[in-house]
Amino acid sequence: MPETNQVKIEAEGVRKIYNEGLTNEVDAIADVTLKIRDGEFVALLGPSGCGKSTFLYMVGGFEQVTAGSLTLDHKPIKGPGSNRGIVFQEYVLFPWRTVFNNIAYGLHLRNESKQQIDEKVSRLVTMIGLEGFEEQYPHSLSGGMQQRVAIARAMAYDPDVLLMDEPFGALDAQTRSLMIQDLARVHRETAKTTLFVTHSVEEAILLSDRVFLFSARPSRIKKIFDIDLPYPRSVTDDAFIDIQKLVLNELSEEVGNDIDH
Ligand SMILES: Nc1ncnc2c1ncn2[C@@H]1O[C@H](COP(=O)(O)OP(=O)(O)OP(=O)(O)O)[C@@H](O)[C@H]1O
Ligand SMILES: [Mg+2]
């Protein structure tokens, strides 16, 4: 549960149109209004193409809002910054850098001392359970290991906010379940505000304080679910199954409304 009730991220009437006025114009987000509290773990769920990644990238500062206001710590988001760490939908490690140097990338950019970098990277390597792999290159790691390195790299800056776009989408079921446990633990330890985009209702309920369900494109927030279940959460608990049914029902209604289908 969030440690404070302070609003960290606030969207008011956010709208996003790509290529406005051109023949390839896409009305991605119609109107998103939401508040995310400091320390909260929030999942964004919704049909494919409804604008979940778009919303995440606007919070990351990589895309601009077309209309409305989007703030972080009550200040308009104008571009990317080291207060936000992002894990993209595809793994994007630098193939020519070792695990150590992938994680250290942002710290080098910030000109931190070698000692500081060594300390921070070794703490993160322990956190993701990859001790002994520091000098390996990404191609020699499994998908799950690469994704853990991507998460560590996003956290190296010690950002206030973690943005994760389907980080476990490409993993096998067993690795995914281990990663979910890891992420839940890391979140309990660090209490970072986290926006987690997923297609998996199960992942959303295992990890989140709240689930925001986006409608089909152009999207609005269709429903917000409070996930008031104790940790560790189990997919076989009755309370888990009940809320999962509720979310799945709403989601399948929306997937049916998807104008692309
Ligand atoms: N850079 C871009 N230029 C033009 N259109 C874009 C761009 N990025 C996304 N879109 C369009 O905006 C809409 C929302 O895309 P977005 O990637 O945000 O959806 P999503 O909810 O993340 O989908 P998925 O679940 O499949 O990842 C889609 O119709 C997509 O084609
Ligand atoms: Mg996406």
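Parameters and conventions
- Residues numbered from 1 in each chain as written.
- Chains lettered and ligands numbered in written order.
- Predicted model: local features only at pLDDT ≥ 70, side-chain atom pairs only at ≥ 80, totals over all residues.
- Heavy atoms only, no water.
- 1 Å grid on protein atoms, 1.4 Å probe; cavity = no way out; pocket = protein on both sides within 12 Å on 5 of 7 lines; lining within 4 Å.
- Points joined across faces, edges and corners; volume = space filled by probe spheres on them.
- Helix = DSSP H or I, 4+ residues; strand = E, 2+ residues; numbered from the N terminus.
- Nonpolar A, V, L, I, M, F, W, Y, C, P; charged D, E, K, R; others polar.
- Pairing = 2+ DSSP bridges.
- Contact = heavy atoms within 4.5 Å.
- Axes fitted to C-alpha atoms, helices over the stretch in contact; angles between N-to-C directions.
- Buried < 20%, exposed > 50% of the residue type's maximum accessible area, 1.4 Å probe, protein only.
- Polar contact = N/O pair within 3.5 Å; in protein donor to acceptor, adjacent residues only side chain to side chain.

Undergrad: Run through empty space enclosed by the protein, naming residues and quoting values.
TA: Applying the stated criterion across every chain yields a total of two cavities of 30 Å³ or more. One number sums up the size of the largest cavity: a volume of about 90 Å³. Forming the boundary of the largest cavity are M127, I128, R148, I151, F168, M179, D182, L183 and V186. Listing elements by their share of the lining of the largest cavity, those giving two or more residues are α4 (143–156) and α5 (173–190). Of the residues forming the lining of the largest cavity, the biggest block, four residues, is contributed by α5. Taken together, the residues of the lining of the largest cavity sort by class into seven nonpolar, no polar and two charged. Considering only enclosed or pocket space, the second largest cavity measures out at about 30 Å³ in volume. In terms of lining residues, the second largest cavity is bounded by F41, M155, L162, L183, V186, H187, T190 and T194. In terms of residue count, α5 provides more of the lining of the second largest cavity than any other element does, four residues in total. Looking at the lining of the second largest cavity residue by residue, the class counts come to five nonpolar, three polar and no charged.

Undergrad: Outline the sheet that holds strand β5 (residues 75–76), supporting the account with residue identities and numerical values.
TA: Read across the open sheet, the ten strands follow the order β5-β4-β1-β2-β10-β9-β3-β8-β7-β6; overall the sheet is mixed. Two strands in the sheet have a free side with no partner beyond their single neighbour: β5 and β6 (84–87). Note: strand β4 (residues 67–72) against β5, two bridges, orientation antiparallel. Of the residues in β5, the one forming a bridge with T71 is P76. Against the sheet, α4 touches β6 and β7 (161–165), its axis set at about 165° to β6. Where helix α7 (residues 238–256) meets the sheet, its contacts fall on β3 (41–45), β9 (210–214) and β10 (219–226), and the angle it forms with β10 comes to roughly 170°.

Undergrad: Provide a residue-level description of the side chain of E40, including the pertinent values.
TA: Considering the arrangement of structural elements, one finds E40 in the loop between β2 (26–37) and β3. Taking the relative accessible area as the measure of exposure, E40 reaches 0% and is therefore buried. Side-chain polar atoms of E40 contact the side chain of R210, separated by 2.6 Å.

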